[in-house]
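# Geometric and topological summary
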Amino acid sequence: MTQTPTATAAEIKISFAGDEARNAARALELEGGEGCSRTIHFWDSPKKGGDGVSLPFLDRGVILRLRLDDEDRGSKREAEMTVKLRPCPPLPSDWQKNLKNEEEDWEFTIEEDRTGPAFTPVLSASLQADRKVKAEFVESALGPERGALDHLLAKPHRDLLKDAVGLKKGDLSDLRALGPVHAVKWKQDWDALAPPVAIEEWTTKDLRFLEVSVRVSTADAAETQKQLGRALRNRNVEPPQSGETKTRAVLTALARSLER
């Protein structure tokens, strides 16, 4: 029996793009050397059409994301591989609550994404696995050929894709790597907010995004949204009046740059 799960946690996000991102970074006095630098890659099967580029996996609410530490250059790479479902579909009973396996180093979480200025709750489910993967497998998965993602996915990733959206191994054979996205992440403590504030900057091609976020309980989400806006204004950063989904904007730009 499938059922829509209930989230008890929410991630409150305010995103800035282009010049607004640049100005916000300056006002928040972010220094690149103080943040954690990573490279991000995604996978989808882009298709050209009359209206531009379509992203079938993203359109189904499936995001496949790899994060790599920029300082890691060993024969085995520390790979943070995530399968994210947003919006989250109804799930079988085994996937209707948060799960964690410390021995195999993976975690499944259900939460609400609330992005300003509307902060409309969108249910999200993600399974993140931290793994050591041979560098050759990482290079193969990021190569220009289709497929080659299999070595990066853990068994729980494949189980989730099959159980939640009916995707099997063969359905992943037409994927293309999209990236790199250069990311820097900072964690800060702001007096006006109890939880730590995460700030992440994404740059790729001609795009630049800055996202400020906090994680709280769903019960505290509405008040935290207001507090985060006030805290930004106190730092001379005006929250934008319109929001852009950075994942879709970045994936679309990367897909357009692929040679066919």
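So, here is what we can say about the structure in this document. From a predicted model like this one, the values you see are computed outputs, not experimental measurements.

This part is about the overall build of the chain. The number of helices and strands found in the chain is six helices and 14 strands. Its C-alpha radius of gyration of 18 Å places the chain within 12% of the 18 Å reference for a compact globule of 260 residues. With the C-alpha coordinates aligned to their principal axes, the bounding extent of the chain is approximately 50 × 45 × 45 Å. A buried classification covers 48% of the 260 residues belonging to the chain.

Moving on, we come to the pattern of salt bridges. Scanning all chains against the criterion turns up 21 salt bridges. With a shortest N-O distance of 2.8 Å, Asp159 and Lys155 are connected by a salt bridge. With Asp159 and Lys155 both in helix α4 (residues 155–165) and four residues apart, this pair spans about one turn of that helix. Using a relative accessible area of 27% as the deciding quantity, one classes Asp159 as partly exposed. Residues joined by salt bridges that share partners form a network here, namely Glu11, Lys13, Lys84, Arg86, Glu111, Asp113 and Arg215.

Here strand β7 (residues 76–85) runs beside strand β11 (residues 120–134); their pairing, made up of ten bridges, is antiparallel. By the bridge assignment, Lys84 is partnered in β11 with Ser126. Relative to β11, strand β10 (residues 106–115) is paired through ten bridges, and the arrangement is antiparallel. Across the sheet, the residue bridging to Glu112 is Leu123, located in β11.

Next up on the list: the layout of surface pockets. Rolling a probe over the atoms, with the probe sized like a water molecule, indicates the empty space that remains. Approximately 190 Å³ is the volume found for the second largest pocket. Taken together, 13 residues make up the lining of the second largest pocket; nearest its centre are Leu142, Ala177, Leu178, Gly179 and Leu258. Ranked by residues supplied to the lining of the second largest pocket, first place goes to strand β12 (residues 176–188) with five residues. Within the lining of the second largest pocket, the residues separate by chemical class into seven nonpolar, four polar and two charged.

Okay, helix α6 (residues 246–256) next. Here α6 lies mainly inside the structure; eight of its eleven residues are buried. Among all positions of α6, only Lys246, Thr247, Ala249, Val250, Leu251, Thr252, Leu254 and Ala255 are buried.

This part covers α4. Among the residues making up α4, those that are buried are Pro156, His157, Leu160, Leu161, Ala164 and Val165. For α4, the buried positions fall inside an angular range of 135° around the axis, keeping them on one side. Each element contacted by the buried residues of α4 is listed here: β6 (62–69), β7, β8 (91–92), β10 and β11. The first or second residue beyond α4 is Gly166, which carries a positive phi of 70°.

Looking at where Lys84 falls in the secondary structure, it is placed in strand β7. When its relative accessible area of 10% is taken as the criterion, Lys84 is described as buried.

So, on to unusual backbone geometry. Between Arg86 and the following residue, Pro87, the backbone shows a cis peptide bond with an omega angle of 0°. Structurally, Pro87 is set in the loop between β7 and β8. Of the consecutive residues Gly116 and Pro117, the connecting peptide bond is found in the cis state with omega at 10°. By the secondary structure assignment, Pro117 is in the loop between β10 and β11.

Reading the values: rules and limits
- Residues numbered from 1 in each chain as written.
- Predicted model: local features only at pLDDT ≥ 70, side-chain atom pairs only at ≥ 80, totals over all residues.
- Heavy atoms only, no water.
- Helix = DSSP H or I, 4+ residues; strand = E, 2+ residues; numbered from the N terminus.
- Rg over C-alpha atoms; globule rule 2.2 N^0.38 Å.
- Buried < 20%, exposed > 50% of the residue type's maximum accessible area, 1.4 Å probe, protein only.
- Salt bridge = Lys/Arg side-chain N within 4 Å of Asp/Glu carboxyl O.
- Pairing = 2+ DSSP bridges.
- 1 Å grid on protein atoms, 1.4 Å probe; cavity = no way out; pocket = protein on both sides within 12 Å on 5 of 7 lines; lining within 4 Å.
- Points joined across faces, edges and corners; volume = space filled by probe spheres on them.
- Nonpolar A, V, L, I, M, F, W, Y, C, P; charged D, E, K, R; others polar.
- Arc of directions from axis to C-beta.
- Contact = heavy atoms within 4.5 Å.

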